[in-house]
Amino acid sequence: MKIVIGNYKMQVGTRESVALARGVLHGIRGSETLPDIVICPTYTALGEVRKVLARSHIALGAQNVAAVPAGAMTGEVSAAQLADAGCTYALIGHSERRAALGETDTMVHDKISQALAQAITPIVCVGEAKEVRDAGRAEEVVAAQVRAAFSGIRPPKRMKAVVAYEPLWAIGTGTSATPADVIAMHRIIRKAVHEVVDIDDADVVVVYGGSVDGANAYSLLREREIDGVLVGGASVKIHEFLAVIAAAAEVIDAQGV
Ligand code: PGA
């Protein structure tokens, strides 16, 4: 399988999110081959984007989820509330949240538990900083993030988990990691997940994020180890995002994956 996930971040509001979602639906109309597609708008746009995507092939995702199930948590949105809003995916532990909002491995772990309890597929973001890669410690650091996120997670009967490898130096910089670096890291990530959680290999989806666009998507997606892409900046440019989806479809057609 191949999956294309759009992360609108805090870049666009309801009107633009709706227009983008409509643009994706319009752009894929009539396509026989499609990857799985997930759109993650900002919280306030979820309701309207949900209406646009209703009965479509495209899933709705949130950009975050609370680490606790319910209660007096002003400003937080629980997994149950997200499920109620139509979300079937949630981004968890994005590096922007880890860096700017102090999100820790423990919080990431708790958020995964919350999402799974509501049948929301977690999209768990991991990745190393430039200094870490330069010091030759990228694989060790990312594997540790993955183990911390998933260890002790009791998988429900059918648990699917997405792990997004997003090196910090590649996010929003225009410099994507090379397919070779991504493949190497995806192998490490898969292994780390299996070290700590009992899950079918087919249910572990490892995607890459960091300056993915229409121009480089094919070279990443054609690799067997790269199950999909998490797209930030290019997801709010409709032609770029459609080009990424088209690249995924091309790979699926060419490889029958
Ligand atoms: P980018 O962001 O595609 O703009 O690099 C990716 C992400 O942060 O998910």
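Up top you'll find the structure we're talking about.
My aim in this report is to walk through the structure given alongside it, one point at a time.

How each quantity is defined
- Residues numbered from 1 in each chain as written.
- Predicted model: local features only at pLDDT ≥ 70, side-chain atom pairs only at ≥ 80, totals over all residues.
- Heavy atoms only, no water.
- Pairing = 2+ DSSP bridges.
- Helix = DSSP H or I, 4+ residues; strand = E, 2+ residues; numbered from the N terminus.
- Axes fitted to C-alpha atoms, helices over the stretch in contact; angles between N-to-C directions.
- Contact = heavy atoms within 4.5 Å.
- Buried < 20%, exposed > 50% of the residue type's maximum accessible area, 1.4 Å probe, protein only.
- Near = heavy atom within 4 Å.
- Polar contact = N/O pair within 3.5 Å; in protein donor to acceptor, adjacent residues only side chain to side chain.
- Areas by Shrake-Rupley, 256 points an atom, 1.4 Å probe, with all protein chains shown as cover.
- Nonpolar A, V, L, I, M, F, W, Y, C, P; charged D, E, K, R; others polar.
- Right-handed = clockwise from strand over helix to strand, strands pointing away.

Through backbone hydrogen bonds, the strands of a sheet pair up, either in parallel or in antiparallel fashion. Read around the closed barrel, eight strands run 1-2-3-4-5-6-7-8, paired in parallel fashion. Adjacent strand axes in the sheet meet at a mean angle of 25° when their direction is disregarded. Relative to strand 5 (residues 121-126), strand 4 (residues 89-92) runs parallel, the two sharing four bridges. Note that in strand 5 the partner of leucine 91 across the bridge is isoleucine 123. Where helix 2 (residues 46-53) meets the sheet, it contacts strand 2 (36-40) and strand 3 (58-62), and its direction lies at approximately 170° from that of strand 3.

This brings us to the pairing of strand 8 (residues 228-231). Alternating residues of strand 8 divide into Gly228 and Leu230 and Val229 and Val231, and every residue in both groups is buried. In this structure, strand 1 (residues 3-7) lies alongside strand 8, joined through four bridges in parallel fashion. Counted as the bridge partner of isoleucine 3 is glycine 228 from strand 8. In this structure, strand 7 (residues 204-209) lies alongside strand 8, joined through three bridges in parallel fashion.

Around the ligand lies a shell of 13 residues, among which Lys9, His94, Glu166, Gly172 and Ser211 are the nearest. One of the backbone nitrogen or oxygen atoms of glycine 172 is found 2.6 Å away from an oxygen atom of the ligand. Take serine 211: an N or O atom from its main chain is 2.7 Å from an oxygen atom of the ligand. Its free accessible area being 280 Å², the ligand has 96% of it covered by the protein chains. Partitioning the shell around the ligand into residue classes produces four nonpolar, seven polar and two charged.

Another aspect to go through is the environment of tryptophan 169. Relative to the elements of secondary structure, tryptophan 169 occurs in the loop between strand 6 (161-165) and helix 8 (179-196). Non-local contacts of tryptophan 169, meaning those with residues more than four positions away in its chain, are made with Glu128, Ala129, Lys130, Arg133, Thr175, Ser176 and Ala177. In terms of polar contacts, tryptophan 169 uses its side chain to reach the side chain of glutamate 128, at 3.0 Å.

Before going further, it helps to examine the pairing of strand 1. Within a regular beta strand, the side chains point alternately toward one face of the sheet and then the other, so they alternate between its two faces. With five of its five residues buried, strand 1 lies for the most part within the structure. Where burial is concerned, the two faces of strand 1 agree: the one with Ile3, Ile5 and Asn7 and the one with Val4 and Gly6 are both buried. Where strand 1 meets strand 2, five bridges bridge the pair, whose relative direction is parallel. Along strand 2, the bridge assignment pairs isoleucine 3 with aspartate 36. The parallel pair strand 1 and strand 2 is bridged by helix 1 (residues 14-28), and the resulting crossover is right-handed.

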